[in-house]
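# Close look at the chain arrangement
Spelled out from the first residue to the last, the chains are:
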Amino acid sequence: MKVEIKNSECTPTKIKTLIDYFLALYDVPKWEHNGLIVEIDPTFDFKGDDTLIRWTDINEGFNDKVIVNSLEEFQSKFRLIHA
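Now for a look at the structure at hand. For every chain, the first residue of the written sequence is number 1, and numbering continues from 1 along that sequence. Confidence filtering applies because this is a predicted model: local features only for residues at pLDDT of at least 70, side-chain atom pairs given and counted only at 80 or more, and all residues used for totals across whole chains, interfaces and linings. Here the side-chain values reflect all heavy atoms present in the structure, with hydrogen atoms and water set aside.

### Remarks on the packing of aromatic side chains
Aromatic rings in a pair are described by how distant their centres are and how their planes are angled relative to each other. Any two rings among Phe, Tyr and Trp, with Trp reduced to its six-membered ring, count as a pair given centres within 6.5 Å; such a pair is stacked if its planes are under 30 degrees apart, edge-to-face if over 60, and tilted if neither. Summed over the entire model, instances satisfying the criterion amount to eight aromatic pairs. Ring centres 5.9 Å apart and planes at 70° place the aromatic pair Y21 and F22 in the edge-to-face group. Summary of the burial criterion: residues with accessible area below 20% of their type's maximum are buried, those above 50% are exposed, and those between are partly exposed, where the area comes from a 1.4 Å probe applied to protein chains only. You can call F22 buried: its relative accessible area is 3%. Both rings, one in F74 and one in F78, keep their centres 5.0 Å apart while their planes meet at 15°; by these two values the pair is stacked. Relative accessible area serves as the criterion here: at 3%, F78 is assigned to the buried category.

### Here's the deal with the pattern of salt bridges
When a carboxyl oxygen of Asp or Glu lies within 4 Å of a side-chain nitrogen of Lys or Arg, that pair is called a salt bridge. Counted according to the given criterion, the structure contains two salt bridges. Of the charged contacts in the structure, one is a salt bridge between E32 and R79, with a shortest N-O distance of 3.9 Å. Within this pair, whereas E32 is found in strand β2 (residues 31–33), its partner R79 is found in strand β6 (residues 79–80), the two being separated by 47 residues in sequence. For R79, a relative accessible area of 49% gives the class partly exposed. Where helices and strands are cited, they refer to DSSP runs of H or I of at least four residues and of E of at least two residues respectively, numbered from the N terminus.

Structure follows, in C-alpha cells:
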C-alpha cells in the first residue's frame, strides 16, 4: 500500500479520521471490495478534503478508482482481510 498526500499545507477535516485509520494500519496488503480481493493505494487530498482510492484485483488484475470523503464511506466500500 502506497500512501500519497497532496496539498499538505491545508488542514483536512472530513478525511482526518480516515488518515489516522491508515496510519494505524501502516501496510495492509489485502482488502475486499465488491467481492474482489484487492490491494489499494490511497491518495489524500487535503485541499479537496477527499481521498482517491486506487485498487487492483490481486487475482485478475482488474483495477479502478473511487473517491471517498470519510472513514465511514471507505469502510462501507472496503473490508479489511485479516491474514
